[in-house]
Amino acid sequence: MYEEMKHQVMAIYERHYHDVYQFLLYFAGSQNDAEDLTQEVFLRVIRSLERFEERSDVKTWLFAIAKHTAMNYYRKRKWQKLLSGNWLSVVMPASEGNPAQEAESREDEQELIAAIKGLPPHYRMVVILRGIKEYSVKETAEILGCSESNVKTTMHRALKLLHGKLSHTKKGELYSGLAK
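Parameters and conventions
- Residues numbered from 1 in each chain as written.
- Predicted model: local features only at pLDDT ≥ 70, side-chain atom pairs only at ≥ 80, totals over all residues.
- Heavy atoms only, no water.
- UniProt positions renumbered as here; feature names shortened; annotations may be inferred.
- Axes fitted to C-alpha atoms, helices over the stretch in contact; angles between N-to-C directions.
- Helix = DSSP H or I, 4+ residues; strand = E, 2+ residues; numbered from the N terminus.
- Parallel < 35°, antiparallel > 145°, perpendicular 65-115°, else oblique.
- Left-handed = near helix turned anticlockwise from the far one by under 90°.
- Contact = heavy atoms within 4.5 Å.
- Nonpolar A, V, L, I, M, F, W, Y, C, P; charged D, E, K, R; others polar.

- As recorded by an unreviewed UniProt entry, the protein chain carries the name RNA polymerase sigma factor and is attributed to Brevibacillus porteri.
- As stated in UniProt under Sequence similarities (unreviewed entry), the record for the protein chain gives "Belongs to the sigma-70 factor family. ECF subfamily."

**Here we look at the packing of helix 5 (residues 121–132) against helix 6 (residues 137–144)**
No. 1: Relative to each other, helix 5 and helix 6 sit at 140°, their axes nearing to 10 Å. By the angle class used here, helix 5 and helix 6 are oblique. Handedness of the helix 5/helix 6 crossing: right-handed. Taking contact as the criterion, the partners of M125, V126, L129 and R130 in helix 5 are, on helix 6, V137, T140, I143 and L144.
No. 2: Of the residues contributing to the contact of helix 5 with helix 6, the split by class is six nonpolar, one polar and one charged.

What follows is the structure, encoded as structure tokens:
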């Protein structure tokens, strides 16, 4: 029984660690916090694997745990700075060769980070899952435990807020990249 469970956890870990870590990195904005939160997610998986009834996909179940872990993190640090560091560099590489263009790109990244940081947590989660991680509306709805129409509405509202905050940057190019 123990060996079977150990193999199940290792298979889940190996298959989904990177996606869970990236989701939590985008949410928390710090490598250390993302590592701690990812560890917490997999500890919760170990504690609750016996109760997993396979009514949903393992990935959906795992991201629901990650969502709850992220929300607990947010509640604990509600009044502290939530996002810091250059976490978007993974998603948006700097232009090569032109120092002025690179500096402008970094400024745009910082504006996007600040804009995402300013979103309410449920908007931020939808933007991360849909806009950055590129999950489908259905997958996002399953992960967040809401309807597909709620995901679409929340994404629309989040992008509208981001557009308002970023409309002055490079003709909204950063906003347009998320709106795809």
